[in-house]
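Residues per chain, in single letters:
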Amino acid sequence: MKNTLILLGLLPGIAYAADDCAGGHNVPDRVLTISEVVDLGLCRNPQTASAYASLRAAQFDKNAAYSAYLPSVNLGASAGRNYMNKSWDNWGYGASLSASYLLFDFGKRSSDMAATLATYRATGFDYDETVQNYVYGLIGAYYGLLNADADVKSATSAQNVAKTAHDTAKKKYSAGSVARADVLKAETTLASRNLDLERAKNNREIAKGKLLTQLSFPADQEITIADMESTFGSDTDMKSIDDLVATAQKQRPDLLRANAKKDAAWNRRNSAFLKNLPSISLTGSLGWNDDHLSGAFSPDTEQINGSIGIRASMPIFAGFANMYGVRSATANYESAREQERNTINTAMLDVFTAYQNYKTARTVLTQTETLLKSATESERVTSGMYKVGRATMLDWQTSQSELLDAQKQNNAAKYDLYIKRAAVALAIGDIKVELENGGNK
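Just so you know, these numbers come straight off a predicted model, no measurement behind them.

(A) Broad picture of the overall build of the protein. Helix and strand counts for the protein come out as eight helices and eight strands. Counting every position in the protein, which comprises 441 residues, the buried fraction comes to 39%. As displayed, the protein has an accessible area near 24100 Å², and 55% of this comes from carbon and sulfur atoms.

Below you can see the structure in the form of structure tokens.
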């Protein structure tokens, strides 16, 4: 799907590639490509930053879980006085060092570790989904501003045509070849086109504010963005629905997250069951106590003791907590398994819907291009006919309105196709960008 689904390149740490952009208060004073807008947004967006922080927390939890494979060592110290026969003894001192290492627990430690790793993977996929959803929204805002810019240009062009019609009608009226009604109609059309232009400018300001807000900038600032290519969406760009589904199964974050959560639940269920089995540990301790009546330390009064051994333990009864823990973990696993099935069904529908919408958008764009070409030629011919007295002002007004509508439809169809293309990329979990050329090829 070359040139079609290659939209935005996402890496887990891309939001932190440029630390200085997060603290900037003003939009860069240059024309920004879509890749530059995405980089800027990922650097500044608080939602993706929060998701990244959650990912880091899960990473630290994963690192902490490896401690189960290392020995535990504890150091203790004590000082105290005994009260006997209505008097206090001298101070006594002590110190101890103990260590233990789990030798065997029927795989519970491995299950706990596997559950932690699966949870970490699930958090990573959650971060990926957060980033992709944000980028998709940014794409929509970017193309929305381009669409609004195009509508302003179309409205300006329509205003110029209306001015020409008005001037032509006035000249013909002065020459006595048309009635004053033509001048009045032309004035009405010109006033309408002026209103259309103001509305288009207002919509452009709203679209600009939406994009700036997505980038965490004040909505009243200015931003200049690069337009996209004018031709795209050929038949060779589109993969089959089967290829898209296969890609989604490998790359879509919510599918991978659901699978990771199911794996975590499965390992937690195993861990809950293995909790009822014995565990064997190697233990050792070393201690020193000084209980000399004088409170002074000397080699004669020093007492050093220690031990080493193997300890086995097995829970016998814990108020049925272990039994219900196993049942709870089993139910959670069954829930995670069904949630994965539901996620798969939803994802496949998303892919199919996005695929159909993109196909329709391609057809609509082709139709609007034909409509625009026809409306342009019709307005040109009608204006010429009016100037030589072979068409009425009403005919010219109608052709102007049709041309403006055709321009708006073509603008909307062009940028809607980009958004639908991005929706396909989002549906398969593969939003990427051509960073070198901003998507223009």
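Having seen the structure, we can now continue with the description.
(B) Broad picture of the packing of helix H6 (residues 253–274) against helix H7 (residues 321–387). As a packed pair, H6 and H7 sit with axes 8 Å apart at the nearest point and diverge in direction by 165°. Comparing their axes, H7 and H6 come out roughly antiparallel. As for the relative orientation of H6 and H7, their crossing is left-handed in sense. Split by residue class, the contact of H6 with H7 holds 13 nonpolar, five polar and seven charged.

(C) Local environment of a nonpolar patch on the surface. On the surface, a cluster of nonpolar side chains totalling about 690 Å² of accessible area is made up of Leu-103, Phe-104, Phe-106, Ile-280, Leu-282, Ile-308 and Ile-310. Put simply, the parts of the chain that give the nonpolar patch at least two residues each are strand S5 (92–104), strand S7 (279–290) and strand S8 (303–313). By the element assignment, Ile-308 lies in strand S8.

(D) Structural detail: the packing of aromatic side chains. Inspection of every chain in the model, using the stated rule, returns seven aromatic pairs. An angle of 80° between the planes, with centres 5.8 Å apart, marks the rings of Tyr-142 and Tyr-143 as edge-to-face. Across this residue pair, the class does not change: Tyr-142 and Tyr-143 are buried. With a centroid separation of 5.4 Å and an interplanar angle of 40°, the aromatic rings of Tyr-386 and Trp-396 are classed as tilted. Here Tyr-386, found in helix H7, pairs with Trp-396, found in helix H8 (residues 393–427); they are ten residues apart in sequence, far enough to count as distant. Here Tyr-386 matches Trp-396 in class, with each residue buried. The structure contains a cluster of three or more aromatic residues connected by ring pairs, namely Tyr-142, Tyr-143, Tyr-415 and Tyr-418.

(E) Examining the pattern of salt bridges more closely. For the structure shown, the criterion picks out 18 salt bridges. Across the salt bridge formed by Glu-129 and Arg-257, the nearest N and O atoms sit 2.3 Å from each other. Separated by 128 residues along the polypeptide, Glu-129 in helix H3 (residues 108–174) and Arg-257 in helix H6 bring together distant segments of the chain. Using a relative accessible area of 15% as the deciding quantity, one classes Arg-257 as buried. Among the ionic pairs, Arg-380 bridges to Glu-377, the shortest N-O distance being 2.4 Å. With Arg-380 and Glu-377 both in helix H7 and three residues apart, the pair spans about one turn of that helix. On the basis of relative accessibility, which here comes to 38%, the residue Glu-377 falls in the partly exposed class. Several salt bridges converge on common partners, so that one network encompasses Asp-149, Arg-204, Glu-205, Lys-208 and Glu-222.

The rules behind the values
Residues numbered from 1 in each chain as written. Predicted model: local features only at pLDDT ≥ 70, side-chain atom pairs only at ≥ 80, totals over all residues. Heavy atoms only, no water. Helix = DSSP H or I, 4+ residues; strand = E, 2+ residues; numbered from the N terminus. Buried < 20%, exposed > 50% of the residue type's maximum accessible area, 1.4 Å probe, protein only. Areas by Shrake-Rupley, 256 points an atom, 1.4 Å probe, with all protein chains shown as cover. Axes fitted to C-alpha atoms, helices over the stretch in contact; angles between N-to-C directions. Parallel < 35°, antiparallel > 145°, perpendicular 65-115°, else oblique. Left-handed = near helix turned anticlockwise from the far one by under 90°. Nonpolar A, V, L, I, M, F, W, Y, C, P; charged D, E, K, R; others polar. Patch = residues over 30% accessible without salt bridge, like charges linked within 9 Å, V, L, I, M, F, W, Y side chains within 5 Å. Salt bridge = Lys/Arg side-chain N within 4 Å of Asp/Glu carboxyl O. Phe/Tyr/Trp six-rings, centres within 6.5 Å; stacked < 30°, edge-to-face > 60°.

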